[in-house]
Amino acid sequence: MPPPPDIVKVAIEWPGANAQLIEIDQKRPLASIIKEVCDGWSLPNPEYYAFRYADGPQLYITEQTRGDIKNGTILRLAVSPSRAARQLLERIQCSSMDSRLDAMKELAKLSADTTFATEFINMDGVTVLTRLVEGGTKLLSHYSEMLAFTLTAFLELMDHGIVSWDMVSLTFIKQICGYVSQPSVDVSILQRSLAILESMVLNSQALYHKIAEEITVGQLICHLQVCNQEIQTYAIALINALFLKAPEEKRQEKPQNLMEVPVSEMANIFVQKHLRSIILNHIIRGNRPIKTEMAHQLYVLQVLTFNLLEERMMTKMDPNDQAQRDIIFELRRIAFDAESDGSGTEKRKAMYSKDYKMLGFTNHVNPAMDFIQTPPGMLALDNMLYLAKFHQDTYVRIVLENSSREDKHECPFGRSAIELTKMLCEILQVGELPNEGRNDYHPMFFTHERAFEEFFCICIQLLNKTWKEMRATAEDFNKVMQVVREQITRALPSKPNSLEQLKNKLRSLSYTEILRLRQSERLSQDDFQSPPIVELREKIQPEILELIKQQRLNRLCEGSSFRKIGNRRRQVPVADIKAVLTGKDCPHMKEKSALKQNKEVLELAFSILYDPDETLNFIAPNKYEYCIWIDGVNALLGREMSSELTRSDMDTLLSMEMKLRLLDLENIQIPEVPPPIPKEPSSYDFVYHYG
């Protein structure tokens, strides 16, 4: 008979004693259960003890978290959080450096536990740590390992959000900034110092201003030129945080020494040029693959850089501002090389109106009115002027080419440029905050100082080309813009390494190719849902599934190498295998914060459960091997192979097989229902005679 759900069978360990196998009644207070365990080992003062998990991060178990305990869990009787906090607080302040180092190591480990952290913070432990750091040159200069663990413990404690970051002193900030600016500081200290500064900047505007006075842009950018990608990632994360808080007025280009530029000017164009160049040469074009966290930080920087355009995007044109109107006059002059001939005012207005119509503005009399809608506001005019000045031949060709066409087929440059600018802002999400889960940065945007404007110049040529391919008229304007959006959004996922590669990709996505892709996708989505096709798919699917199954089993026979975990048994008969566990269900991955230092590992963990209630625990080297082994073991057990790899392989192979079998039916409409069966003949007395 299975035990009641409120009863959990566990093992309790204590150093130097045999483990106790007990049943925990989840309805009883933990204190009474702890007392019974202490009585079993004749330990006095049970209030001094608590339960912790024996594996993983060894988190404390509280009344709030006890529901996570599973059957077969190994627990450890340990010193209670309050007593442990008091003991460690005393030990990290003792005179023996060796004892202090051991205590600091334990503190850095325990500080990830919210229960312990709360007790330690309530004893003013964070203040003690900050004082140790503030006196670092006297107490810790010869003990870099001690300092590294001190900073780790401090950061872990602050990450719980129990204490406000505003409590740190200017002396503490100067000390941390000093570690970042030192050329030969220990890597572990530098990493933690960068992380602490990032948290300060993001959590306190007051601390941002203090940090901005202590660090220069050059000191941070130096850390992007090292070979350690982890340090580079932390440095970019701090730069992003500073970028996010930088005052908006600091954006003019100034001929300054980069090493002397304060971090308050992160949005300065001068800074942007150097930052972009260093990231391109030392990170994107480096010899090391870009890891996930680095890709995310590059994406964040990309978003923050484009967000500098938001102000112009949301600025309306003032029709009475002569300087702004002069830009429109300049566009006209460059396009038509027109010079004033001293004609009368009325005649000159009529000539301008004709030119503005040829330029494709909606309002021929006062084109300034075309720029009062936000978005894209003045950003559209900026893009048009950039095209006219830096790609003058292209600009003149587009304008004159369309002005020479029949009226109904001319592509209105002004209107197109305005709508295209708005579209590009939507695609690149200008003005939106970075998404925490995204890492889709584009290398090409780091290859040019005016990446957005160059992107616009490429896309306006694409728009003009697509307009001609579609033989569009004014009534087709919105249709053309939809096709251009599709061309751009289909090209971006290929992650071109340069703007030239983007041009080549867009050339391959002609209007004809877009129609072909649409038709192909429509076939896969619509025609493949008709009853005859669905029936064929259901018939083929078991064959494909068996093929995948055999591939998985063959890979299991070949074997794989895994990181060793624990000293448990390394082999087990297949007949004894009962199940495969994954992720947080694995004994070595039970807790949510079990792998706080490396979250990716949690997705690669699995365990093989075998008789009698034992497990082999693994962490796969990569996602592919993880899927192979999960599928393979499930196939051995006769269970469903449900990994992402199986779904992907099934989709690919099934789609390929379906298309191969339907090749002879290309361009033949497949009926929704089978054709009717003809009537039986009146007589079966017939035969074919050969002459």
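Above this note sits the structure.
Residues numbered from 1 in each chain as written. Predicted model: local features only at pLDDT ≥ 70, side-chain atom pairs only at ≥ 80, totals over all residues. Heavy atoms only, no water.

Let us now look at the overall build of the chain. A count of helical and extended segments in the chain gives 27 helices and 7 strands. By sequence separation, contacts in the chain at least 24 residues apart represent 69% of the contacts at least 6 residues apart. (Helix = DSSP H or I, 4+ residues; strand = E, 2+ residues; numbered from the N terminus. Contact = heavy atoms within 4.5 Å.)

Here we take up the pairing of strand 4 (residues 74-79). As defined by bridge partners, strand 1 (residues 7-13) adjoins strand 4 across 3 bridges and the pair is classed as parallel. Paired with Ile12 across the strands is Leu75, a residue of strand 4. As paired elements, strand 3 (residues 49-53) and strand 4 share 5 bridges and run antiparallel to each other. Bridge pairing in strand 4 links Tyr49 to Val79. (Pairing = 2+ DSSP bridges.)

Core analysis: the biggest nonpolar cluster contains 91 residues, and Leu129, Met200 and Ile279 have the highest contact counts within it. Sort the elements by how many residues they give to this core and helix 7 (residues 144-158) lands first, with 9 residues. Excluding anything up to four places from it in sequence, Leu129 contacts Ile92, Met104, Leu107, Phe120, Thr150, Ala153, Phe154 and Leu157. Judged by nonpolar contacts, the second largest core, of 67 residues, contains Phe306, Met317, Ile328 and Cys457. (Core = buried A, V, L, I, M, F, W, Y, C linked by side-chain atoms within 4.5 Å. Buried < 20%, exposed > 50% of the residue type's maximum accessible area, 1.4 Å probe, protein only.)

End to end, helix 21 (residues 451-469) covers 27 Å across 19 residues, agreeing with the expected 27 Å (1.5 Å per residue, within 8%). Of all the 19 residues making up helix 21, 15 are buried; the element is thus mostly covered by neighbouring parts of the structure. (Expected span 1.5 Å × (residues − 1).)

Right, let's get into the sheet that holds strand 5 (residues 577-582). One open sheet holds the 3 strands; their spatial order is 5-6-7, and the pairing between them is antiparallel. The open sheet has two edge strands with one neighbour each: strand 5 and strand 7 (614-619). Between one strand and the next, the sheet's axes are offset by a mean angle of 20°, whatever the strand orientation. Pairing of strand 5 with strand 6 (residues 605-610) involves 5 bridges; the strand directions are antiparallel. Bridging across to strand 6, Ile577 finds its partner in Tyr610. (Axes fitted to C-alpha atoms, helices over the stretch in contact; angles between N-to-C directions.)

Moving on, we get to the sheet that holds strand 2 (residues 20-25). Strands sit in the order 2-1-4-3 across an open sheet of 4 strands; the sheet is mixed. One side of each edge strand has no neighbouring strand; the edge strands of this open sheet are strand 2 and strand 3. Strand-to-strand twist across the sheet, computed as the mean angle between neighbouring axes with direction ignored, equals 45°. The strands that helix 1 (residues 30-40) touches are strand 1, strand 2, strand 3 and strand 4; relative to strand 3, the one it contacts most, it runs at about 95°.

On to the packing of helix 5 (residues 125-134) against helix 7. Their axes nearest at 10 Å, the elements helix 5 and helix 7 cross at an angle of 145°. In this structure, helix 5 crosses over helix 7, and the sense of that crossing is left-handed. Each of Val126, Leu129, Thr130 and Val133 in helix 5 lies in contact with helix 7, whose residues at this interface are Thr150, Leu151, Ala153, Phe154, Leu157 and Met158. (Left-handed = near helix turned anticlockwise from the far one by under 90°.)

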